[in-house]
Every structure is written in C-alpha cells, then in structure tokens.
Amino acid sequence: MRLSNDKLRDALAAEYVLGTMSARARARFGVLLHSDPALRRAVADWERRLTPLAEALPESPPPARVWRRIHGRLFERSHTRGLWGSIAFWRFAALAAGAVALAIGLSSIDLREPAGQMVTIMSDVTTESPAMTVAWNADTPGGRVLRIRVIGHAEMAPDTAWELWMLPGGDKPPVSLGLITTHESQTLIVPESLAPRLDQAWGLAMSVEPEGGSPTGLPTGPVLYKGQCVRT
Amino acid sequence: MTPEQLISLLSRCALRDQQAFADLYRLSAPKLFAVAMRITRRKDWAEEVLQESYVNIWHHARAYDARKSAPMTWMTAIVRNRAFDLLRRPRETELGESQESLLASIPDDAPGPEESLRQAGDAARLADCLAKLSEEQQRSIRLAFFYGLSHGELAAKLDRPLGTIKTWIRRGLERLRRCLEGMG
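Please read these numbers as outputs of a predicted model, since none were measured by experiment. (Residues numbered from 1 in each chain as written. Chains lettered and ligands numbered in written order. Predicted model: local features only at pLDDT ≥ 70, side-chain atom pairs only at ≥ 80, totals over all residues.)

Notes on the overall build of chain B
And step 1. For chain B, the helix and strand inventory stands at ten helices and zero strands.
And step 2. In chain B, the succession of α and β elements from N to C terminus is α-α-α-α-α-α-α-α-α-α.
And step 3. Out of the 184 residues in chain B, the part that is buried amounts to 42%.
And step 4. Taking as baseline every contact in chain B between residues at least 6 positions apart, the subset at least 24 positions apart corresponds to 60%. (Helix = DSSP H or I, 4+ residues; strand = E, 2+ residues; numbered from the N terminus. Buried ≥ 20, exposed ≤ 12 C-beta atoms within 10 Å, placed from the backbone. Contact = placed C-beta atoms within 7 Å.)

Now the structure itself:
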C-alpha cells in the first residue's frame, strides 16, 4: 500500500493517534510509518493537536511496585544477565533442551511469583536454539498478560507479520493469540475467553504471515519458533 | 511541574542520569498512569503499560526534541501507543461476551475536559475547538481518545452503524484541524 494522497494520509494519521484503528489496520499502519517520513510528520502533528486532551485527566499515582520494576529492569539486571550471557549455560542448553525450561524459569522469573507460573521456551525450528520465551500467570481470573522476550536480534521480512499461536495439543487446530513484534521485550494480552485453554495448552508456535496476520485464522506461513508450555 | 523542568530532566536522562530519571518518573507518572488506566481499564495492564513506557522513555530520551513537541506530549504519545499495542486483540470474533461486558463498563460519556483544560494555551485552544463540533462528533472523539475504542466498538457502544461512526469521527477531526489551524 502506498499513500500518495495527502488527505488520506492525514486522515489515517489522525485515526492512528486517536486510537480508533482495528488491530489489523494498526499493524499495517505501523509498517507504513517506518518507511514514510511524511506519514510520521502527519502523526506528530496529530499528536501535538490531540494529546493536550489527556491533560484533563485527574492524576492517578501508580503503585510503588511499578517504579521498583522499572528500576529493576533498567539498572539491576546483572543478576539475571550473568547466567544468560554465560557460554557454559548455552552449551548446557544445547545439550539438554528439556532441562532448559526449568533453568530459565528459575533464573529469569521472580521466585516470589505465586504458583501457576507458565513459561514456554520457543526454539528456532531449524537451529533448535532458544529464540523466544513467553511467560504468564495462570489460574487467575480475567485475561492473560503474556510477557514475551525475543532472544537475540531477530529480523522480520518486509510486508510480513509474526503471529503467535496456541497449540491445544492432540488433533486440535492452532488458535491465534495475536501479532507480535521483534522487540526484545513486549507484552500481549489474551482475552479471558481464551485463558482456560491457554493455561492447558500443549505448546506455542510463531509463524510468518502476510502483514496484518493470517487471512484464514490458521497458520499459512512457515513456523519459525515452537516450544512446549511448562508449569513452574 | 513545568515543561521546562521536564525538558531539562529528559536531557539529563539522555546523558544517563539515573537521578533525573527518578525525578522525571515522580513528576510525570501520576498523569501517565491515568492515561494508561483510562485506555486499558485494568490496573495490572496499566501498570504493564507504564513500566514498558518508562523503559522506552529512558532508552529513547536522546531522541526527544524539545523544538518538535512538548515533553508531556512526547511521553503521553509513548504511553498511548503502548496501551493500544497491549489492547491489540487476536480476533474480533474471539472476544464475544467479554467485549460486550467491557463496553458496558464504560460510561456513555467520556469526561468533559473543558474545565481543567481552560488553563494552558494549547489545551485551551483544543477545548474551544472541540466545543464547536456537533454533539455526536465530540462524543465519539472523546470516547475514542480516552478509552481507546475502535470504530467497531464505538458502533456497538453508541448503537449506530459503523459508517455513521466513521463519518462522525472523520468530519469531526477535519473540523478540529481547521479550527486549530485558525481556519474555522
């Protein structure tokens, strides 16, 4: 898609900033933003116009744990990085893929987390090395917040999207959990209606799809990463 | 909290000053948490959004340009984008009932921002221009802005066809732009 029409460009930028775009349209627009400086200017203009609205909201102080987590992530990483960076660890990982889930689960996840912590180490299906981790708290009411970490510097081909799938196990078909990015750290929300099935899922997979996601509701492109869900 | 204060803190963050980052958080987080709460409507998600946003702000402080945008505008845009990304849902069809109950929990009218907006320059102009729109245009734009509702969700919420909602928003935004640029 190329935006030659200034008016269309401006209208789309306005809706992107306002937040009315559907998930698919937003994902497509995000791809365009990377390659279109005029579109980025249009978005910046609309941010300048509309964002002052937010100033009307009454302040709401976040709980203290938010700052502790931010501080922990930015300035106190050495205790988890040590293991991640160690060659011995990766040698061990390659030898004993089955044990890796537990090792990473213990090293990178706060031990104070309540029971029902789910973790999935997804491996690159060709190299078999760990490529992505997905963790969430199971057995709680409501939706699930998947905490996703992409390991290394993965790149997405132009005009494609990464779609995350839940593999229920048995003969049951995969169920889409949504589109993800190549960002090292990201979150994905899974609605409450899917939560019980997700907590029971056999595994997760990531496939390469056309931008905007699979048109059929089932994986259409190659599966790059795959892994089994483990309850810690 | 003045814009000058925030600009100075952001420029110190760009130099990796952790104390400046702590001060920036203390001054701006209550406002930004309110923004995240309003869109995600769940405390745990809003906390997640805030956490991701400040990590982003720290990493990208160097990219902030005071000539291009006010510091709060820049940070608010980061929070809103993270919130929309987090809300990104797998398939509209998978939502079913949970979406309906979510929509029902939103009040019919987003807060009228006018009163508190009448202080600052930019915000005051925005409030004046918003007030010139039709009632439907104002209402749909406010609901979209404050609660992050998509066209489809707005249509369900306001019980109007999708096309009508799109027209209200498109024309409303167009009028708003002309007004803000002093042409309407």
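Comments concerning the overall build of chain A
And step 1. Across its full length, chain A holds eight helices and eight strands.
And step 2. Sorting the 232 residues of chain A into buried and exposed places 35% on the buried side.
And step 3. Considering only contacts within chain A whose residues lie at least 6 apart along the sequence, 61% involve residues at least 24 apart.

Considering the packing of helix α8 (residues 135-147) of chain B against helix α10 (residues 162-180) of chain B
Residues and elements named next belong to chain B.
And step 1. At a closest axis distance of 9 Å, the pairing of α8 and α10 adopts a crossing angle of 95 degrees. Taken as axis vectors, α8 and α10 run roughly perpendicular relative to one another. On the side of α8, the interface is formed by Glu136, Gln137, Ser140, Ile141 and Ala144, while α10 contributes Ile165, Trp168, Ile169, Arg171, Gly172 and Leu173.
And step 2. Per-class residue counts for the contact of α8 with α10 are six nonpolar, three polar and two charged. (Axes fitted to C-alpha atoms, helices over the stretch in contact; angles between N-to-C directions. Parallel < 35°, antiparallel > 145°, perpendicular 65-115°, else oblique. Nonpolar A, V, L, I, M, F, W, Y, C, P; charged D, E, K, R; others polar.)

Let's talk about the confidence of the model for chain A
All names here are of chain A.
And step 1. Looking at chain A as a whole, the pLDDT averages 79, with 81% of positions reaching at least 70.
And step 2. Counting interchain partners and residues more than four positions distant, the pLDDT-below-50 stretch residues 78-85 has four contacts.
And step 3. Segment residues 98-114: pLDDT under 50, and 18 contacts once partners within four positions in sequence are set aside and those in other chains are kept. (pLDDT = per-residue confidence, 0-100.)

So, unusual backbone geometry
And step 1. Even without being glycine, Arg16 of chain B reaches a positive phi, approximately 70 degrees.
And step 2. By the element assignment, Arg16 of chain B lies in the loop between α1 (3-14) and α2 (18-40).

Looking at the packing of α2 of chain B against helix α3 (residues 43-60) of chain B
All names here are of chain B.
And step 1. α3 packs onto α2 with a crossing angle of 140 degrees between their chain directions and a minimal axis gap of 9 Å. If you check the angle between α2 and α3, you find them oblique. Considering only the axes of α2 and α3, their crossing is right-handed. Residues Phe21, Tyr25, Ala29, Leu32, Phe33, Ala36, Met37 and Thr40 of α2 form the contact with α3, whose own contacting residues are Lys43, Trp45, Ala46, Val49, Leu50, Ser53, Tyr54 and Trp58.
And step 2. The residue inventory of the contact of α2 with α3, partitioned by class, reads 13 nonpolar, two polar and one charged. (Left-handed = near helix turned anticlockwise from the far one by under 90°.)

Examining the environment of Val230 of chain A
And step 1. With respect to the helices and strands, Val230 of chain A occurs in strand β8 (residues 223-231).
And step 2. Separated by 112 residues in sequence, Val230 of chain A and Met118 of chain A have C-alpha atoms that sit 5.7 Å apart.

Some remarks on the interface of chain A and chain B
And step 1. Each partner contributes residues to the interface: chain A has 46 residues there, and chain B has 58 residues.
And step 2. The element contributing the most residues to the side of chain A that touches chain B is helix α4 (residues 64-75) of chain A, with seven residues.
And step 3. The residue inventory of the side of chain A that touches chain B, partitioned by class, reads 27 nonpolar, ten polar and nine charged.

Thoughts on helix α2 (residues 23-35) of chain A
And step 1. Within α2 of chain A, the full set of buried residues consists of Ala23, Arg26 and Arg28 of chain A.
And step 2. As for α2 of chain A, its buried residues are in contact with α4 (71-87) of chain B.

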